Amino acid sequence: MSKRGFIVVGSTGSVGTQALDVLAEHRDEHAIIGLAAGSQLDLLLEQALDFHVPVIGLTTPPAGGEAEVRARLTELAAQRGTADPVEAIHLGDDAAEAVAGLAADMVLNAITGAAGLGATLAALERGTDVALANKESLIIGGSIVLDAARASGARLVPVDSEHSAIAQALRAGTHGEVSKLIITASGGPFRGMTRDALRRVTPAQALNHPTWSMGSMITINSATLVNKGLEVIEAHLLFDIDFDHIEVVVHPQSQIHSMVEFADASTIAQISPPDMRLPISYALGTQDDGTTKRLTSGAVPHNWGQPMHWSFEPVNHLAFPALGLAIDAGKKGRSYPAVLNAANEELVAAFIAGDIAFTGIDKGLSRALAAHESAAEHTVETVLAADAWARDFARAEVAEQNGGRR
């Protein structure tokens with residue numbers, strides 16, 4: 001049996017490294033034929049040697065360019081006593097896109113933020129299924145990404161735990177039988193806090209998620225509930241369910257990852273430990289015919305002989321208005337989700353740097369979305385233009401909020 005070929009872009013991040021951990025347990029069936037990363041050169045090269053990868057890409061290359069990369073690779077290979085497998089090296093802004101566009105059975109897009117759009121489109125246009133951990137590319141691309149998938153026949157396979165849960169639960173019924181999608185949220189580190197108290201929280205507190213270990217951007221997005229708003233938009237696009245039939249509920253234990261309510265009032269939930277290797281392995285197990293072969297993930301199952309307690313509560317929209325702002329942006333469509341995402345990336349970076357308060361994030365988002373005027377057409381060019389406009393607006397907003405604070 002021939003091996004299935006995988007490409008991982010964003011391979012040095014949290015999802016990327018966990019995906020490689022899963023694939024390492026299934027080397028007899030899967031081969032990694034391409035890797036791309038941002039700036040972590042040494043880790044990328046170690047991954048390339050570990051998995052005998054012929055093509056690599058780095059979007060932020062070292063000063064010495066390809067010669068420096070090749071020299072470092074040769075040095076590492078000699079230290080390990082292995083051959084250098086790398087045949088091609090892509091460097092620069094288009095590196096991830098170039099690697100993602102190679103022939104493969106599946107591309108896992110684990111790039112953070114809007115930068116992942118090019119890689120998603122490159123893979124889909126090639127006709128390659130995309131395991132999508134980079135939700136932003138679908139959210140800001142919207143119909144552009146969906147049209148590219150339809151044109152080539154490629155599939156978008158969710159990697160987020162919530163959307164993986166929905167995909168699994170949807171196997172219990174047809175699209176026409178769905179009454180509601182229920183997306184669960186942990187509530188983040190500030191669940192139960194008042195709006196006034198949130199004004200005084202620190203970046204260190206916001207980065208201390210009670211359940212998940214993630215990158216800084218997604219961790220702050222979880223604290224503001226922006227991430228949950230992005231997930232609502234993604235669910236709408238992935239599963240073709242109207243926004244009015246998607247609900248967010250707080251589930252602090254993070255054991256039920258999402259649910260689907262059907263027309264007969266039956267609700268199907270997907271339950272598992274909060275371990276990203278499980279949704280990653282489910283996505284990577286997607287076969288060419290669309291069926292899923294469940295791969296061992298390394299996740300530890302529940303001990304059902306032990307007492308446990310699960311609870312649910314509504315979202316406090318007064319304390320966390322960013323969720324509603326994100327959903328409104330999704331309903332407006334066109335370039336509004338791109339503005340939401342780009343402005344949020346800038347505002348989160350400013351909060352982490354100590355330049356604005358935690359509540360300054362959703363304050364800035366509200367102002368950016370109110371000021372934006374979307375182009376009539378929705379194209380890659382208008383998305384990129386909206387992204388640039390939103391970043392400029394957010395930087396000006398940071399300067400205004402920062403006023404006399406520092």
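Treat the numbers as computed from the prediction; the structure is a model and nothing was measured.

## Quick look at the overall build of the chain
Now for step 1: Summing up its helical and strand segments, the chain has 17 helices and 11 strands in all.
Now for step 2: Scaling as 2.2 N^0.38, a compact globule of 406 residues should have a C-alpha radius of gyration of about 22 Å, and the chain matches this with 21 Å.
Now for step 3: Out of the 406 residues in the chain, the part that is buried amounts to 54%.
Now for step 4: Partitioning the contacts of the chain with sequence separation of at least 6, the portion at a separation of at least 24 is 70%.
Now for step 5: A total of about 17000 Å² of accessible surface is found on the chain, and carbon and sulfur atoms cover 51% of it.
Now for step 6: Computed over 29 positive and 48 negative side-chain charges, the inter-centroid distance for the chain is 5 Å.

## Concerning the packing of helix α8 (residues 161-169) against helix α12 (residues 226-239)
Each packed pair of helices is defined by two parameters, the angle between the axes and the distance between the axes.
Now for step 1: In the contact formed by α8 and α12, the axes pass within 10 Å of each other and the chain directions differ by 35°. The element α8 and its partner α12 pack so that their crossing is right-handed. Here α8 contributes E162, H163, I166 and A167 to the contact with α12, which in turn contributes K228, E231, E234, A235, L238 and F239.
Now for step 2: Tallied by class, residues from the contact of α8 with α12 come to five nonpolar, one polar and four charged.

## Describing a nonpolar patch on the surface
Now for step 1: Taken together, the side chains of I271, W304 and M308 define a hydrophobic patch exposed on the protein surface, amounting to about 310 Å² of accessible area.
Now for step 2: Summarising the element assignment, I271 is placed in strand β11 (residues 267-271).
Now for step 3: With a relative accessible area of 35%, I271 lands in the partly exposed category.

## Digging into a negative patch on the surface
Now for step 1: Where like charges cluster on the molecular surface, the negative patch consists of D93, D94, E97 and E125.
Now for step 2: Here D94 lies in the loop between β4 (88-91) and α4 (95-100).

## Remarks on the packing of helix α1 (residues 14-24) against helix α13 (residues 277-284)
Now for step 1: Here α1 crosses α13 at 65°, and the two axes come no closer than 9 Å. Note that α1 runs across α13; the crossing there is right-handed. Contacts between α1 and α13 involve V15, Q18, A19, V22 and L23 from the former and R277, I280, S281 and L284 from the latter.
Now for step 2: Classifying every residue of the contact of α1 with α13 gives six nonpolar, two polar and one charged.

## What about the sheet that holds strand β3 (residues 55-58)?
Now for step 1: Read across the open sheet, the seven strands follow the order β4-β3-β2-β1-β5-β6-β7; overall the sheet is parallel. Each edge of the open sheet is held by one strand with a lone partner, namely β4 and β7 (156-158). Across the sheet, the mean angle separating the axes of adjacent strands is 20° when strand polarity is ignored.
Now for step 2: Judged from the six bridges that link them, strand β1 (residues 4-9) and strand β2 (residues 30-37) form a sheet pairing that is parallel. Residue pairing in the sheet places G5 in a bridge with A31 of β2.
Now for step 3: Along the sheet face, helix α3 (residues 65-80) touches β3 and β4 and points at about 135° away from the line of β4.

## Some remarks on the nonpolar core
Now for step 1: With 87 residues, the main nonpolar core has V9, L181, F358, I361 and L365 as its most contacted residues.
Now for step 2: L44, A48, A133 and V159 belong to the second largest nonpolar core, which has 37 residues in total.

## Some details on the sheet that holds β11
Now for step 1: Taken together, four strands build an open sheet; the order of strands is β9-β8-β10-β11 and the sheet is mixed. Only two strands of the sheet have a single neighbouring strand rather than two, namely β9 (246-250) and β11. For this sheet, the mean inter-axis angle between neighbouring strands, taken without regard to orientation, is 20°.
Now for step 2: By the bridge criterion, five bridges tie strand β10 (residues 256-262) to β11 in an arrangement that is antiparallel. Considered in β11, the bridge of V260 is made with I268.
Now for step 3: Relative to the sheet, α12 contacts β8 (178-185) and β9, its axis offset from that of β8 by approximately 150°.

## Examining the packing of aromatic side chains
Aromatic rings considered in pairs are described by the distance between their centres and by the relative angle of their planes.
Now for step 1: Applying the stated criterion across every chain, the model contains four aromatic pairs.
Now for step 2: An angle of 80° between the planes, with centres 5.2 Å apart, marks the rings of F190 and F358 as edge-to-face. In this pair, F190 sits in the loop between β8 and α9 (195-198) while F358 sits in the loop between α15 (336-352) and α16 (359-371), placing the two residues 168 residues apart along the sequence. Take F190 and F358: they sit in the same class, and that class is buried.
Now for step 3: Through a chain of ring-to-ring contacts, the aromatic side chains of F190, F351 and F358 assemble into a single cluster.
Now for step 4: Of note, K332 hangs over the ring of Y336, and the distance from its end group to the ring centre comes to 4.9 Å.

## A word on unusual backbone geometry
Now for step 1: In this structure, S254 is a non-glycine residue whose phi angle is positive, near 55°.
Now for step 2: Of note, S254 is situated in the loop between β9 and β10.
Now for step 3: Even without glycine at this site, A265 takes up a positive phi of about 75°.
Now for step 4: You can see A265 is positioned in the loop between β10 and β11.

Conventions adopted
- Residues numbered from 1 in each chain as written.
- Predicted model: local features only at pLDDT ≥ 70, side-chain atom pairs only at ≥ 80, totals over all residues.
- Heavy atoms only, no water.
- Helix = DSSP H or I, 4+ residues; strand = E, 2+ residues; numbered from the N terminus.
- Rg over C-alpha atoms; globule rule 2.2 N^0.38 Å.
- Buried < 20%, exposed > 50% of the residue type's maximum accessible area, 1.4 Å probe, protein only.
- Contact = heavy atoms within 4.5 Å.
- Areas by Shrake-Rupley, 256 points an atom, 1.4 Å probe, with all protein chains shown as cover.
- Lys, Arg positive; Asp, Glu negative; His and termini not counted.
- Charge placed at Lys NZ, Arg CZ, Asp CG, Glu CD.
- Axes fitted to C-alpha atoms, helices over the stretch in contact; angles between N-to-C directions.
- Left-handed = near helix turned anticlockwise from the far one by under 90°.
- Nonpolar A, V, L, I, M, F, W, Y, C, P; charged D, E, K, R; others polar.
- Patch = residues over 30% accessible without salt bridge, like charges linked within 9 Å, V, L, I, M, F, W, Y side chains within 5 Å.
- Salt bridge = Lys/Arg side-chain N within 4 Å of Asp/Glu carboxyl O.
- Pairing = 2+ DSSP bridges.
- Core = buried A, V, L, I, M, F, W, Y, C linked by side-chain atoms within 4.5 Å.
- Phe/Tyr/Trp six-rings, centres within 6.5 Å; stacked < 30°, edge-to-face > 60°.
- Lys NZ or Arg CZ within 6 Å of the ring centre and 35° of its normal.

That is the geometry; function is a separate question.
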